[in-house]
Each structure stands twice: as structure tokens, then as C-alpha cells.
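# Architecture and fold: a report
Chain residues, written in single-letter form:
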Amino acid sequence: VFSGDPPVVGVGVGSREPGRLKDTRANIEAVGEFVVNLVSEDNARGMNVTAVDFPPQVDELGEAGLTAVPSAKVRPPRIAESPVAMECKLMQVVKLGTTNALVLGEVVAMHIHDRLVLDPAKFYVDTPNLKLLARLHGSGWYARTSDLFEMPRLSLDEVSPAQG
């Protein structure tokens, strides 16, 4: 997440080789819309299957045993099994060298599984129970976000300036 107003997310998308975009980036650029489906421990295997270099005509979600459901404000579907899905309108593609790009999108709708919402009026989410995974480096390293802790941000009044 890069911004709250407007809400902006960024996704790094590589290419197979210079001049040959991955289907993800090609589809985003062609449609101008996309969905960021967060991955939990429960749907990790399905996510891993969708990362396989299938030919463009293969239904990755079907191969992964995941379910596509209509989005509310964008054309691409979201994944029903994802605990959080963010529907996005393409803002910008920032090219990073010859094979990679940072795709920035404005979030226009968000879906969170009901069982993970603690207080809908205040938008409180049961963050630890999301059990999200974070992709790290290389082609297979991930981290669990289940080891969370809260550290309230200090105010200026709570920190005394260093005495010179």
C-alpha cells in the first residue's frame, strides 16, 4: 500500500524476457483494471499453482481449484477464496529495467470475508486471523504474517529531544 487518499497499491510484475510481458501485466495494460487478491495460508497452494507458466489459453484459477467471482466495480473477477480482494483502476506502470515494472492502481472497492470483520462500522479487521503470506525474494520464499505485534506510534510530546 502506497497511499491512503487516494488508496493506492503497487504490485511488482516481471516479464518472461524483454518484449514478452507476463499475462498478468499484459492483461492489466489491456483492460486498465485489475484485482489484488491477498493470499492466506489457506490458499497458498492455489496461489502457487497460478504462478505456473501456463499457456495464455489455460484457466489458471481452474487448475488451482480457485473460484472466480464477479467484481463490483472492475471487469476482472476476484478470487472467492482470497480473504481480502482489492479492485483497482490502473494509474501507472513504472518500467524498472527491461523486464520488470511496478504497477500502481487506485483501489476502488475492497472485499473482506465477513468472518474477519470485527466491527463493520469502524472498519476493524481481525488482522491476525487473516493469516496472510508475504512474498519475499527469489522464486519460493514467503513469510507468514501471523507473528504480529502492535507498537503505538509516539507523539512528539512523548519523546524528549536529545540534549546537545
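The preceding data block contains the structure.
Owing to the predicted nature of the structure, the values given are computational and were not obtained by experimental measurement. (Residues numbered from 1 in each chain as written. Predicted model: local features only at pLDDT ≥ 70, side-chain atom pairs only at ≥ 80, totals over all residues. Heavy atoms only, no water.)

Another point: the overall build of the chain. Within the chain one finds four helices and 12 strands. The principal-axis extents of the C-alpha atoms in the chain amount to approximately 65 × 40 × 30 Å. Put simply, the chain has 164 residues, and 27% of those count as buried. Excluding contacts between residues fewer than 6 apart, the proportion of contacts in the chain whose partners are at least 24 apart in sequence is 54%. Within the structure as shown, the chain displays about 11300 Å² of accessible surface, and the carbon and sulfur contribution to it stands at 53%. Charge separation in the chain, taken as the distance between the mean sites of 16 positive and 21 negative side-chain charges, equals 5 Å. (Helix = DSSP H or I, 4+ residues; strand = E, 2+ residues; numbered from the N terminus. Buried < 20%, exposed > 50% of the residue type's maximum accessible area, 1.4 Å probe, protein only. Contact = heavy atoms within 4.5 Å. Areas by Shrake-Rupley, 256 points an atom, 1.4 Å probe, with all protein chains shown as cover. Lys, Arg positive; Asp, Glu negative; His and termini not counted. Charge placed at Lys NZ, Arg CZ, Asp CG, Glu CD.)

What follows concerns the pairing of strand 2 (residues 7-17). In this sheet, strand 2 lies alongside strand 1 (residues 3-4) in antiparallel orientation, the contact comprising two bridges. Counted as the bridge partner of Gly4 is Pro7 from strand 2. Where strand 2 and strand 3 (residues 20-21) come together, two bridges link them in antiparallel fashion. Residue Glu17 lies in a different strand from strand 3, and its bridge partner there is Arg20. Two successive antiparallel strands, strand 2 and strand 3, enclose a turn made up of two residues, where Gly19 displays a positive phi of approximately 85°. (Pairing = 2+ DSSP bridges.)

Working definition: two side chains of opposite charge can pair if their charged atoms are close together. What the rule picks out here adds up to four salt bridges. One salt bridge in this structure joins Arg25 and Glu29, with 2.8 Å as the shortest N-O distance. Here the residue Arg25 and the residue Glu29 both occupy positions in helix 1 (residues 23-31), the gap between them amounting to four residues, near one helical turn. Owing to a relative accessible area of 6%, Arg25 belongs among the buried residues under this scheme. (Salt bridge = Lys/Arg side-chain N within 4 Å of Asp/Glu carboxyl O.)

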